[in-house]
Amino acid sequence: MGNTGTVLRELRGAQKSAKGVSLYSRYVNRPAGRVLAAGAYRSGMTPNQVTLTSALFTYGALASVALVEPSWELGVLVWAALAVGFAFDSADGQLARLTGGGGPDGEWLDHVVDCGKLLLVHAAVLISFYRFGELPSEAWLLLPLGFQLAAVVTFCAGLLRDQLGKAAVSARGPSWAAPDATAPVSRVRAVALLPADYGVFCLVFLLLGAPGAFRAGYAVLAVAQAVFLAAFLAKWFRELKALRAG
């Protein structure tokens, strides 16, 4: 195995495209994942082991949200664990590309963990609201359910759009690849995507010590997720319809 500096340089050359990625993922999460991937490579971990490490940090943090009374201290610990889990979620793919050790099983495991994360994070907030929150109205209990719906539908619809698009391109040949595949990365788009970035969402848990502020921040992000869902669904439908029409 090479030294850490060599591994980091190789990882930088094995990054996915920055298209469709927010500033947080591009400049915070991916670089953090690169460092973790280098450490995992040096210690002999497999990509699947890195994925399970991500799940350990993430699911442990979410269990704490559901079971422990909110406080400033809990908020910092939850945010830190979620941020580390998210960085490991980036590291598994980077390690797989570096070692060539990725495969359908690893991609499947990664998506299972991600789907479970999206379901559990909002379920944990709902449980916390019910157990510990002095809510202005019981209607607030519907907010995590709506946020969960928007997040999971976005995740599943995005996966389906990718798979169906690849199948259509494969059936029709390389000339049917997305027309903007080589377009330059848009900084405006990278900024606009920040409210929908999971890493940005994790920051709201720093407000756990102030229930009103946490609810307000969580509600703002829920509305943003719903807006992005509507925009993404319209965009993906148009793209798939264009492939069919072509």
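Quick note: structure is the one above.
This write-up is about the structure you can find in this document. Quick caveat, the model's predicted, so the values are computed rather than measured.

### Description of the overall build of the chain
A count of helices and strands for the chain gives nine helices and zero strands. Each helix and strand of the chain, ordered N terminal to C terminal, gives the series α-α-α-α-α-α-α-α-α. A total of 246 residues make up the chain; the buried ones form 41% of that total. Here the contacts in the chain between residues at least 6 apart in sequence split such that 82% fall between residues at least 24 apart. Surface exposure of the chain reaches about 12900 Å², of which carbon and sulfur atoms provide 67%.

### So, the packing of aromatic side chains
Two descriptors summarise a pair of aromatic rings, namely the distance from one centre to the other and the angle between the planes of the rings. One pass over the full model with this rule turns up 14 aromatic pairs. Summarising the aromatic geometry, the rings of Phe-86 and Tyr-198 are spaced 5.1 Å apart at their centres and angled 75° between planes, so their arrangement reads as edge-to-face. Here the residue Phe-86 occupies a position in helix α4 (residues 72-99), and Tyr-198 occupies one in helix α8 (residues 198-202), the gap between them amounting to 112 residues. When the ring of Phe-129 is compared with that of Tyr-218, the centres are 6.1 Å apart and the planes differ by 80°; the resulting orientation is edge-to-face. Taken as a pair, Phe-129 in helix α5 (residues 104-132) and Tyr-218 in helix α9 (residues 211-245) lie far apart in primary sequence, 89 residues in all. With respect to burial, Phe-129 and Tyr-218 carry one shared label: buried. Among the aromatic residues, ring-to-ring pairing joins Tyr-24, Phe-86, Phe-129, Phe-147, Tyr-198, Phe-201, Phe-205, Phe-214 and Tyr-218 into one connected group. The cationic tip of Lys-117 hangs over the ring face of Tyr-198; the distance from NZ or CZ to the ring centre is 4.2 Å. It is Arg-215 that lies over the ring of Trp-140; its NZ or CZ is 5.6 Å from the centre.

### Some points on the packing of helix α2 (residues 23-43) against α4
Between α2 and α4, whose axes approach to 7 Å, the crossing angle comes to 65°. For the pair α2 and α4, the crossing hand works out as right-handed. Judged by residue contacts, Tyr-24, Ser-25, Asn-29, Arg-30, Ala-32, Gly-33, Arg-34, Leu-36, Ala-37, Ala-40 and Tyr-41 of α2 engage Ala-83, Val-84, Phe-86, Ala-87, Phe-88, Ser-90, Ala-91, Gln-94, Leu-95, Leu-98 and Thr-99 from α4. Residues belonging to the contact of α2 with α4 are distributed by class as follows: 14 nonpolar, six polar and two charged.

### With respect to the side chain of Ser-90
Assignment of secondary structure puts Ser-90 in helix α4. Once residues within four sequence positions are removed from consideration, Ser-90 is found in contact with Asn-29, Arg-30 and Gly-33.

### Digging into the nonpolar core
Core analysis: the largest hydrophobic core is formed by 28 residues, its most contacted members being Val-78, Leu-82, Phe-201, Phe-205, Phe-214 and Tyr-218. If you list the elements that add at least two residues to this core, you get α3 (47-67), α4, α5, α6 (142-172), α8 and α9. If near-sequence neighbours (up to four positions away) are discounted, Phe-205 is found in contact with Val-65, Gly-75, Val-78, Trp-79, Leu-82, Val-121, Val-125 and Phe-214. In this structure, Ala-40, Val-50, Phe-88 and Ala-91 belong to the second largest nonpolar core, which totals six residues.

### A closer look at the pattern of salt bridges
Tallied over the full model, the rule gives four salt bridges. For the salt bridge of Asp-114 with Lys-117, the shortest nitrogen-to-oxygen distance reads 3.6 Å. Pair noted here: Asp-114 and Lys-117 are both in helix α5, with a separation of three residues, about one helical turn. Taking relative accessible area as the criterion, Lys-117 reaches 7% and is therefore assigned buried.

### What about the packing of α5 against α9?
Contact pair α5 / α9: the axes reach a minimum separation of 13 Å and the direction vectors enclose 145°. As α5 packs across α9, the resulting crossing turns out to be left-handed. Two secondary-structure elements touch here, α5 through His-122, Val-125 and Phe-129 and α9 through Phe-214, Arg-215 and Tyr-218. Residue composition of the contact of α5 with α9, grouped by class: four nonpolar, one polar and one charged.

So, how was this worked out
Residues numbered from 1 in each chain as written. Predicted model: local features only at pLDDT ≥ 70, side-chain atom pairs only at ≥ 80, totals over all residues. Heavy atoms only, no water. Helix = DSSP H or I, 4+ residues; strand = E, 2+ residues; numbered from the N terminus. Buried < 20%, exposed > 50% of the residue type's maximum accessible area, 1.4 Å probe, protein only. Contact = heavy atoms within 4.5 Å. Areas by Shrake-Rupley, 256 points an atom, 1.4 Å probe, with all protein chains shown as cover. Phe/Tyr/Trp six-rings, centres within 6.5 Å; stacked < 30°, edge-to-face > 60°. Lys NZ or Arg CZ within 6 Å of the ring centre and 35° of its normal. Axes fitted to C-alpha atoms, helices over the stretch in contact; angles between N-to-C directions. Left-handed = near helix turned anticlockwise from the far one by under 90°. Nonpolar A, V, L, I, M, F, W, Y, C, P; charged D, E, K, R; others polar. Core = buried A, V, L, I, M, F, W, Y, C linked by side-chain atoms within 4.5 Å. Salt bridge = Lys/Arg side-chain N within 4 Å of Asp/Glu carboxyl O.

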